[in-house]
Every structure is written in C-alpha cells, then in structure tokens.
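Chain by chain, the residues:
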Amino acid sequence: MTVEICFHGIGVCEREREAGEARYWMPEAEFLRVLDALVGLPDVTLSFDDGNRSDIEIGLPALQERGLRATFFALAGRLDDAASLHPDDLRELAGAGMTVGTHGWDHIPWRGLTDHDAHRELIDARGALAEAAGTDVRTAALPLGRYDRRLLARLRGAGYDAVYSSDRLPFHDGTWLRARYSVTASDTPASVQRIIVDRSRSRDVRNRLVGAVKRLR
Ligand SMILES: [Zn+2]
C-alpha cells in the first residue's frame, strides 16, 4: 500500500484564492523537517497541488537535496500568474526528473461540469500544461478533491493514466483512482509519520466508505 502526501503552498500564503486556502500552507521550516522525516521511507510518494511559486522556489531544491521526487499538479489558467508556476518553471521541474500533472484550468470543482467546461478543464488544460512543460501530462489531481461517477467516467475517457483524490487513504499499486493525504499548517513530522505508520489501521474505514460513496453517486 502506498501513501501519497500532498503539499499545497510552502511558506506564507500572501493572498488566498479560495477561502481557507491558507490552512493548507505549511511553514518552510516545518516543510523541510517533514521532508527529512520522509527520506528513505518505502511506499511513500509526494505531490504538490495548485502550482504555487513556492513549488519551484522551496519545493524543488529541498527535494533535490534529499534525493526525493514528486508530481506537481499545476493549473493551466495560472501559467502567466506572478504567484504561480510559469512555463519555464514547469520545464525546469520536468528537466529535474519531476512529474508534471494537471489540476485543470481554473481550479473549479470538476463535478457537474457542462461538456464545454469539461473539455476545457480535462482536455485543454492538459494540452496547455504539456506544451508549457515540454513533456507528456498523463495524471490529474481533482480540484478540491471532488468527484462522482460521471466525472470518473469522463476522466477515463480522456485517457488519464491515474487520477488523484484527497480521500486520506493508502492505495494499492496499479490503482487508477489514488487517494492522498493533504498536509495542513498544523501538521508536523510526527503527525505525517503517524499517517504513514497507521496506513492499514481501522481509522481509515470511515474514509474508505466516503470514497465509495463518491465513486458511486
Ligand atoms: Zn487545488
């Protein structure tokens, strides 16, 4: 069973784009300590959502210093935004052996999209990010973690290799829909290690049920 730890911003969130976003930003010193705690752990993977500039300014060098890799789920609609990853940054990430994934165009929930908006979010955004990064984009992270059966069918139809939720569960190798654990400002190396150690414990049962409801609704 693999546990994927998902980061958002690192450092100080100077301007929230969604209410409550700052709660998902981790202070830099704590982020570095969490990474130190993850070095060498088997079956642990990392990702960064939302394409904040801290991904390249703090995240990339910290990963490289520790020999770690991650997937960066960027937003096509923010490629020319001063607080977000630019095409040059995506190319640098890809060149450093990191994976570039898509988090869509506008960071809106993907449930209930019209066909037109779904094309923009699931297809056009992937194309724009692939062109910007100069690499294939084969994985997607669900904005705000929301999904339903219809959306998963759309994503399968779009040919994604894997899709990442935020359901706080481990996943088996080869699983297409992969849950992740998002860290927050209040997480510590100890709390993140506890997630990893507890991966098969019963407290995940509730999250498993919630995931089943989302897949079937
Ligand atoms: Zn997001």
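Residues numbered from 1 in each chain as written. Predicted model: local features only at pLDDT ≥ 70, side-chain atom pairs only at ≥ 80, totals over all residues. Heavy atoms only, no water.

**Re the coordination of the zinc ion**
Stage number 1. Here the zinc ion is held by the protein donor atoms Asp 50 (OD), His 103 (NE2) and His 107 (NE2), which lie 2.0 to 2.1 Å from it.
Stage number 2. Positions of the donor residues of the zinc ion along the chain correspond to the pattern D-x52-H-x3-H. (Donors = N, O, S within 2.8 Å, 3.2 Å for Na, K, Ca; no water.)

**Some remarks on the pattern of salt bridges**
Stage number 1. Enumeration according to the criterion identifies 15 salt bridges in this entry.
Stage number 2. Of the charged contacts, one joins Glu 30 and Arg 33 as a salt bridge, the two residues approaching to 3.2 Å between their closest N and O atoms. One end of the pair is Glu 30 and the other is Arg 33, both in helix α1 (residues 28-38) and three residues apart, which spans about a single turn.
Stage number 3. Put simply, Asp 115 and Arg 150 hold a salt bridge, and the shortest N to O gap is 3.8 Å. Here the residue Asp 115 occupies a position in helix α4 (residues 115-133), and Arg 150 occupies one in helix α5 (residues 149-157), the gap between them amounting to 35 residues.
Stage number 4. When its relative accessible area of 58% is taken as the criterion, Asp 115 is described as exposed. (Salt bridge = Lys/Arg side-chain N within 4 Å of Asp/Glu carboxyl O. Helix = DSSP H or I, 4+ residues; strand = E, 2+ residues; numbered from the N terminus. Buried < 20%, exposed > 50% of the residue type's maximum accessible area, 1.4 Å probe, protein only.)

**A look at the side chain of Asp 81**
Stage number 1. By the element assignment, Asp 81 lies in the loop between β3 (71-74) and α3 (87-95).
Stage number 2. Of note is the side chain of Asp 81, whose polar atom sits 2.8 Å from the side chain of Arg 17.
Stage number 3. Side chain to side chain, Asp 81 and Ser 84 meet in a polar contact 2.9 Å long.
Stage number 4. Beyond its immediate stretch of four places on either side in the chain, Asp 81 contacts Arg 15, Arg 17 and His 86. (Polar contact = N/O pair within 3.5 Å; in protein donor to acceptor, adjacent residues only side chain to side chain. Contact = heavy atoms within 4.5 Å.)

**Concerning the nonpolar core**
What tends to happen in soluble globular proteins is that the nonpolar side chains get buried as a cluster.
Stage number 1. With 38 residues, the main nonpolar core has Ile 5, Phe 7, Phe 31, Leu 46, Leu 63 and Leu 90 as its most contacted residues.
Stage number 2. Only β1 (3-7), α1, β2 (44-49), α2 (54-66), β3, α3, α4 and α6 (189-197) provide two or more residues apiece to this core.
Stage number 3. If sequence neighbours within four positions are ignored, Leu 46 has contacts with Glu 4, Ile 5, Phe 7, Leu 35, Leu 38, Leu 63, Leu 68, Arg 69, Ala 70 and Thr 71.
Stage number 4. Ranked by size, the runner-up nonpolar core spans 15 residues in total, among them Leu 113, Ala 118, Leu 152 and Leu 177. (Core = buried A, V, L, I, M, F, W, Y, C linked by side-chain atoms within 4.5 Å.)

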